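Architecture and fold: a report
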Amino acid sequence: MKTMIHDSAVPTIGILIFHGFLTNEVLAPIDVFAKKDSRGEPLFNVITIAKEQKVYDSEEGLHILPDFTFLNCPELNVLVVPGS
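Here's a quick rundown of the structure. (Residues numbered from 1 in each chain as written. Predicted model: local features only at pLDDT ≥ 70, side-chain atom pairs only at ≥ 80, totals over all residues. Heavy atoms only, no water.)

**Thoughts on the overall build of the protein chain**
Spelled out, the test is: Helix and strand definitions here come from DSSP, where helices need a minimum of 4 consecutive H or I residues and strands a minimum of 2 consecutive E residues; each element is numbered from the N-terminal end. With C-alpha atoms as the basis for the radius of gyration, the globule rule is written as 2.2 Å multiplied by the number of residues raised to the power 0.38. For each residue, the accessible area found with a 1.4 Å probe, counting protein chains only, is set against the maximum for its type, and the residue is called buried under 20%, exposed over 50%, and partly exposed in between. In this analysis, two residues are considered to be in contact whenever any of their non-hydrogen atoms come within 4.5 Å of each other. Surface accessibility follows the Shrake-Rupley procedure with a 1.4 Å probe radius. Residue values consider only the protein chains on display as shielding. Working convention for charge: Lys and Arg count positive, Asp and Glu count negative, and His plus the chain ends are omitted. By convention, the point assigned to a charge is CZ for Arg, NZ for Lys, CD for Glu and CG for Asp.
Counting its secondary structure elements, the protein chain contains one helix and six strands. Over its C-alpha atoms the protein chain spans a radius of gyration of 13 Å, differing by no more than 12% from the 12 Å that the globule rule assigns to 84 residues. C-alpha extents for the protein chain along the principal axes are approximately 35 × 25 × 20 Å. Of all 84 residues assigned to the protein chain, the portion counted as buried reaches 33%. For the protein chain, contacts bridging at least 24 residues in sequence account for 66% of all contacts bridging at least 6. Put simply, the protein chain shows about 5300 Å² of open surface, and 57% of that area lies on carbon and sulfur atoms. On the protein chain, the mean spot of the 6 positive side-chain charges and the mean spot of the 11 negative ones are 4 Å from each other.

**Considering the packing of aromatic side chains**
Note the cut-off: Only Phe, Tyr and Trp rings are paired, with Trp represented by its six-membered ring, and only when their centres lie within 6.5 Å; those with planes under 30 degrees apart are stacked, over 60 edge-to-face, the remainder tilted.
With the rule as written, the count across this model stands at one aromatic pair. With a centroid separation of 5.3 Å and an interplanar angle of 80°, the aromatic rings of Phe-33 and Phe-44 are classed as edge-to-face. Highlighted residues: Phe-33 in helix H1 (residues 23–33) and Phe-44 in the loop between H1 and strand S2 (45–50), separated in sequence by 11 residues. The partly exposed category is assigned to Phe-33, whose relative accessible area is 27%.

**So, the side chain of Thr-48**
Counting through the fold element by element, Thr-48 comes out in strand S2. Since its relative accessible area comes to 7%, Thr-48 is described here as buried. With residues near it in sequence (within four places) discarded, Thr-48 still touches Ile-15, Ile-17, Ile-30, Leu-65, Pro-66, Asp-67 and Phe-68.

**With respect to the environment of Ile-47**
Looking at the element boundaries, Ile-47 is found in strand S2. Owing to a relative accessible area of 3%, Ile-47 belongs among the buried residues under this scheme.

**Concerning the pairing of strand S1 (residues 12–16)**
Test applied: Here a strand pair is declared whenever DSSP counts at least two bridges between the two strands. Classification remark: right-handed applies to a crossover when, strands pointing away from the viewer, the course from the first strand over the helix to the second runs clockwise.
Along S1, five of the five residues are buried, which leaves the element largely enclosed by surrounding structure. Residues Thr-12, Gly-14 and Leu-16 point to one face of S1 and Ile-13 and Ile-15 to the other, with burial holding for every one of them. Where S1 lies against S2, five bridges are found, and the strand directions are parallel. Across the sheet, the residue bridging to Leu-16 is Ile-49, located in S2. With respect to chirality, the unit in which S1 leads through H1 into the neighbouring parallel S2 is right-handed. Strand direction decides the pairing type here: S1 and strand S6 (residues 78–80), joined by three bridges, are parallel.

Printed below as a string of C-alpha cells:
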C-alpha cells in the first residue's frame, strides 16, 4: 500500500470507492477539492477510501486502487459517497 502525505493543518475529504461507482462522481470532487490556493498550498487533503486494498472498477470501466481502507483511513472532515 502506498504512503500518502497527510497534512493535518487542512481538512481531509474522503471519497468512497466501490465496484460500479460513477466515474464523474469520483473525479469531479477530486478535481474541485485538490485545487491549491494562490500560494500553491493545498486547501484540503483529498483521499480515496474503500473496504479493501484492491482495484475497483467504475461503471464506465475506470480502474482505481484506493489510497486507504476503512481500517487505516485517517480522520475525515467530509465523506463523499458517489452514486452507482
